[in-house]
Amino acid sequence: MTQALAGYNAHGLFLATDSRATRFDAEGHAENFNVNKLLPLGSSCAILSGGAGVSVPLSQNLRRLLQRHPGPLALEETIQFALDVLSQGYARHLEKHGPEPEGFRRIYFVLAGYDPDKPRPGFQLFLLGSEDNELPLRLIPTANLVVMPRNLGMEMRLFKALAGDSTLDELLKMSREFLEKQADLKEEVGPPYYYAVITAAGYHPVNL
């Protein structure tokens, strides 16, 4: 399971995630490992993947296809491209491997970006997902905050911080504390943690 957080206000957009993932051997035994689930998709766009383990290679493939795409895509064009590519990739995975094990049939992707042609502040969040191996992936409505899996307490804290004009540094600090607490409580959440921000100047990874 991935613990992911993303949100934005006038200062910019932040993303944070743990790196714990689960895979299954030929006998169906679960094994934990670490992987970076946060990837830039261009100078001002990023993807954060979670849920089923195949979400990470699907994100990596999307990144490769975007790098080969003839000419840059606007943010909303990138989202539609991602929705098609990720849905097709997930369909091929399920066709080859069959349904995911019970409890691992959710898959989601947080896409985040900056579009200078949008009304200020110009930042946007998109949540793409499937709850039970459903296809195609759905574009799930969201506002300026995503916490996956949902945690109402943290959502309320971040909502107040975003509305209160907290800086990106303050928001990342809150995210780090939350990730560390979740790792203490849940075996499926663990370090290292990955952080990034998107501002009008573009995407930047952050070390905390």
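Note: the structure precedes this text.
Throughout what follows, the structure given in this document is the object of discussion. In every chain, residue numbers begin from 1 and rise along the written sequence. Since the coordinates come from a predicted model, pLDDT governs what is reported: local features require at least 70, and pairs of side-chain atoms require 80 or more to be given and counted, while whole-chain, interface and lining totals use all residues. Neither water nor hydrogens contribute to the side-chain values; these are computed over all heavy atoms in the structure.

A look at the nonpolar core
Phase 1: The criterion is simple. A nonpolar core is a set of buried Ala, Val, Leu, Ile, Met, Phe, Trp, Tyr and Cys residues joined through side-chain atoms within 4.5 Å. Whether a residue is buried, partly exposed or exposed follows from its accessible area with a 1.4 Å probe, protein chains only, as a fraction of its type maximum: under 20%, in between, or over 50%, in that order. In terms of nonpolar packing, the biggest core is built from 23 residues, with Ile-47, Leu-62, Leu-86, Ile-107, Phe-109, Leu-111 and Leu-128 touching the most fellow members.
Phase 2: In this description a helix means any DSSP run of H or I spanning at least four residues, a strand means any run of E spanning at least two, and both kinds are numbered starting from the N terminus. Looking at this core, the elements with two or more residues in it are β5 (38–42), β6 (45–51), α1 (55–68), α2 (75–97), β7 (107–114) and β8 (123–130).
Phase 3: When residues of this core are assigned to their parent elements, the largest contribution, eight residues, is made by α2.
Phase 4: In this description, contact between two residues means that some pair of their heavy atoms is separated by no more than 4.5 Å. With sequence-adjacent residues up to four places away left out, Leu-111 is seen in contact with Leu-41, Ala-46, Ile-47, Ile-79, Ala-82, Gln-124, Leu-125, Phe-126 and Leu-128.
Phase 5: In terms of nonpolar packing, the next biggest core, distinct from the first, is built from 20 residues, Leu-13, Ala-112, Phe-123 and Leu-125 among them.

Quick look at the pattern of salt bridges
Phase 1: Every case where a carboxyl oxygen of Asp or Glu lies within 4 Å of a side-chain nitrogen of Lys or Arg is listed as a salt bridge. Here the structure, examined in full by the defined rule, presents five salt bridges.
Phase 2: Put simply, Lys-118 and Glu-76 hold a salt bridge, and the shortest N to O gap is 2.7 Å. With Lys-118 in the loop between β7 and β8 and Glu-76 in helix α2, this residue pair connects regions lying 42 residues apart in the sequence.
Phase 3: For Lys-118, a relative accessible area of 30% puts it in the partly exposed group.
Phase 4: A salt bridge links Glu-155 to Arg-150; its shortest N-O distance comes to 2.8 Å.

Describing the packing of aromatic side chains
Phase 1: When the centres of two rings from Phe, Tyr and Trp lie within 6.5 Å, Trp using its six-membered ring, the rings pair. Their planes under 30 degrees apart give stacked, over 60 give edge-to-face, and anything left gives tilted. As enumerated under the stated definition, the model contains two aromatic pairs in all.
Phase 2: Between Tyr-8 and Phe-123 the ring centres are 6.2 Å apart and the planes differ by 45 degrees, which places this aromatic pair in the tilted class. Taken together, the positions of Tyr-8 in strand β1 (residues 4–9) and Phe-123 in strand β8 put the pair 115 residues apart, joining distant regions of the chain.
Phase 3: Residue classification places Phe-123 among the buried residues on the basis of a relative accessible area of 6%.
Phase 4: Among the aromatic side chains, those forming a connected cluster through ring pairs are Tyr-8, Tyr-114 and Phe-123.

Quick word on the side chain of Thr-199
Phase 1: By the secondary structure assignment, Thr-199 is in strand β11 (residues 194–199).
Phase 2: The contact partners of Thr-199, leaving out residues within four places of it in the chain, are His-11, Tyr-114, Phe-123, Leu-168 and His-204.

With respect to the sheet that holds β11
Phase 1: For two strands to pair, DSSP has to find at least two bridges joining them. The strand order across the open sheet formed by five strands is β10-β1-β2-β11-β12, and the pairing between neighbours is antiparallel. The open sheet has two edge strands with one neighbour each: β10 (145–148) and β12 (202–206). The mean angle between the axes of side-by-side strands here comes to 15 degrees, regardless of whether they run parallel or antiparallel.
Phase 2: Where β1 lies against strand β2 (residues 12–17), six bridges are found, and the strand directions are antiparallel. Bridge pairing in β2 places Leu-5 opposite Ala-16.
Phase 3: Lines fitted to the C-alpha atoms define the axes, with helices restricted to the stretch that makes contact. Angles between their N-to-C directions range from 0 to 180 degrees. Where helix α3 (residues 152–163) meets the sheet, it contacts β1, β2 and β10, and its direction lies at approximately 160 degrees from that of β10.
Phase 4: The sheet contacts of helix α4 (residues 168–185) involve β1, β2, β11 and β12, and relative to β2 the element is tilted by about 15 degrees.

Side note on unusual backbone geometry
Phase 1: For the bond from Leu-135 to Pro-136, the omega torsion is -5 degrees, close enough to zero to count as cis.
Phase 2: In this fold, Pro-136 is placed in the loop between β8 and β9 (138–140).
Phase 3: With an omega of 0 degrees, the peptide bond running from Pro-191 to Pro-192 counts as cis.
Phase 4: Looking at where Pro-192 falls in the secondary structure, it is placed in the loop between α4 and β11.
Phase 5: In this structure, Asn-133 is a non-glycine residue whose phi angle is positive, near 60 degrees.
Phase 6: Considering the arrangement of structural elements, one finds Asn-133 in the loop between β8 and β9.
Phase 7: Here Asp-165, not a glycine, exhibits a phi torsion of approximately 70 degrees, which is positive.
Phase 8: With respect to the secondary-structure elements, Asp-165 resides in the loop between α3 and α4.
Phase 9: On the accessibility criterion, Asp-165 (44% relative accessible area) is partly exposed.

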